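For reference, the chains in residue letters:
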Amino acid sequence: MDYRKSNAPSNTVTRDMMQMSEDTGNVYETVMVVAKRANQISQEMKHDLEKKLQEFASYNDNLEEVFENREQIEISRYYEKLPKSTLIATQEYIEGNVYHKNPAKGKNNF
């Protein structure tokens with residue numbers, strides 16, 4: 001799912017963890033699934049931001065450049081206004097857009 005098109009809230013929302021963990025049956029496993037997805041989203045956002053800022057990167061120093069980096073400022077503001085990766089991951093999990101599998105549950109313990 002594209003993080004730019006997410007309908008996640010931009011501020012913190014209280015969630016019922018017991019209801020969220022009905023799928024896995026374990027609150028801690030649910031938190032780990034959401035945390036791992038949040039890390040993936042965070043890495044993707046960081047990569048996209050660095051790629052966009054590289055377009056405007058200049059390797060020589062001058063005074064005008066310090067005051068005239070409007071494009072970089074606008075890009076940074078856009079990414080700051082996006083919902084945090086944990087909120088996006090939680091929304092994806094609630095909507096059922098996150099695939100997860102616990103390999104330990106599929107094995108027979110001998």
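Residues numbered from 1 in each chain as written. Predicted model: local features only at pLDDT ≥ 70, side-chain atom pairs only at ≥ 80, totals over all residues. Heavy atoms only, no water.

(A) Spatial organisation of the packing of aromatic side chains. Evaluation of the coordinates by the stated rule reveals one aromatic pair. Between Y78 and Y79, the ring centres sit 5.4 Å apart and the planes meet at 85 degrees, which makes this aromatic pair edge-to-face. The class for Y78 is partly exposed, based on a relative accessible area of 37%. A relative accessible area of 9% places Y79 in the buried class. (Phe/Tyr/Trp six-rings, centres within 6.5 Å; stacked < 30°, edge-to-face > 60°. Buried < 20%, exposed > 50% of the residue type's maximum accessible area, 1.4 Å probe, protein only.)

(B) Structural context of the environment of T90. Checked against the element boundaries, T90 lands in helix 5 (residues 85-95). Residue class for T90 comes out buried when judged on its relative accessible area of 13%. For T90, the residues in contact, after removing those within four places along its chain, are R15, M20 and V34. (Helix = DSSP H or I, 4+ residues; strand = E, 2+ residues; numbered from the N terminus. Contact = heavy atoms within 4.5 Å.)

(C) A look at the packing of helix 2 (residues 27-54) against helix 4 (residues 70-81). Close contact between helix 2 and helix 4 brings their axes to 10 Å; oriented N to C, the two are set at 170 degrees. Relative to helix 4, the element helix 2 lies roughly antiparallel. Along the contact surface, helix 2 presents M45, D48, L49, K52 and L53, while helix 4 presents Q72, I75, S76 and Y79. A per-class count over the contact of helix 2 with helix 4 returns five nonpolar, two polar and two charged. (Axes fitted to C-alpha atoms, helices over the stretch in contact; angles between N-to-C directions. Parallel < 35°, antiparallel > 145°, perpendicular 65-115°, else oblique. Nonpolar A, V, L, I, M, F, W, Y, C, P; charged D, E, K, R; others polar.)

(D) Spotlight on the layout of surface pockets. Looking at the largest pocket, its volume works out to about 190 Å³. Mapped by element, the contributors of at least two residues to the lining of the largest pocket are helix 1 (17-20) and helix 5. Of the volumes computed, that of the second largest pocket is approximately 150 Å³. The class makeup of the residues in the lining of the second largest pocket is three nonpolar, three polar and two charged. (1 Å grid on protein atoms, 1.4 Å probe; cavity = no way out; pocket = protein on both sides within 12 Å on 5 of 7 lines; lining within 4 Å. Points joined across faces, edges and corners; volume = space filled by probe spheres on them.)

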